[in-house]
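Report on the structure
The lines below spell out each chain.
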Amino acid sequence: MTQYEKNREQDYKETHKTFSKFLKPRKFRKGQLLWSEGDTDGLLVFLKTGRVKIYRLLQTGKAITLYIFGANTVFGFMPFFDDAPYPAYAQALDNCEAEVISRTGLRQAVHQDPDLSIVLMKHLAKRLRDAFDTIERLQSKGTDPKVASALLALVENSSNSSHAHIIISLPISSHEYAQSLGLTPESFSRSITRLVDKSILKRLQRNRFQILNSEALKEVAESAIW
């Protein structure tokens, strides 16, 4: 487990402990929508197992993936701050187990314990920092640094990693993943091929790779910082 994972798991445990008496267990089936864009009835979600995709639909009908949340993450709190509808869809990518609290329930909980709002603002600040990192990655020069940086981010969220054996899997289809990076599927594929040709990556199967040289991958990711 990386230090990033340890910190995230610790933050999750502490936040879960704070909210535990207000939470109710909930299961979501693979493909099920947790909420739709425009919904006003919200859920604060503590995800225990599985993955959830946050995405928006453009006017053309094309879906753009914004986030992929995995186990030990908290999300869905944005409407609780501004009373506005959800700005995106949330869909289970796997069968998920979670604990949730409704918007009404959260308001009642915060009324009982105002410090809960401070805990939520802490998570919102972390989400904003993640957004800044994403913007920096999308603004970096060239395709290869964007892809390398995104793959390194997958390492941070992977439980199947060690210095000698790092296996990563794309959380969504390569087409969607490319779009989330602001790339075309073709340019993403060509970048992966270049990393394979340089013996930095090894293709194991579709959307699944082994990182052969993590230091070289970091160098590619950092080559675009300006």
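Up top is the structure.
Bear in mind that the values here come from a model prediction, so they are computed numbers and not experimental data. (Residues numbered from 1 in each chain as written. Predicted model: local features only at pLDDT ≥ 70, side-chain atom pairs only at ≥ 80, totals over all residues. Heavy atoms only, no water.)

1. As for unusual backbone geometry
Even without being a glycine, N72 presents a positive backbone phi close to 65°. Note that N72 resides in the loop between β5 (63-69) and β6 (73-75). (Helix = DSSP H or I, 4+ residues; strand = E, 2+ residues; numbered from the N terminus.)

2. Regarding the pattern of salt bridges
In total, this model carries 5 salt bridges according to the counting rule given. With a closest N to O distance of 2.7 Å, K53 and E176 form a salt bridge. Residue K53 is found in strand β4 (residues 52-57), and its partner E176 is found in helix α6 (residues 174-180); the two are separated by 123 residues along the sequence. In this structure E176 comes out as buried when scored by relative accessible area, which is 19%. A salt bridge links E215 to K218; the nearest nitrogen and oxygen atoms lie 3.7 Å apart. Residue E215 and its partner K218 are both found in helix α8 (residues 214-222); the two are separated by 3 residues, about one turn of the helix. Look at E215 and you get partly exposed, because its relative accessible area is 49%. (Salt bridge = Lys/Arg side-chain N within 4 Å of Asp/Glu carboxyl O. Buried < 20%, exposed > 50% of the residue type's maximum accessible area, 1.4 Å probe, protein only.)

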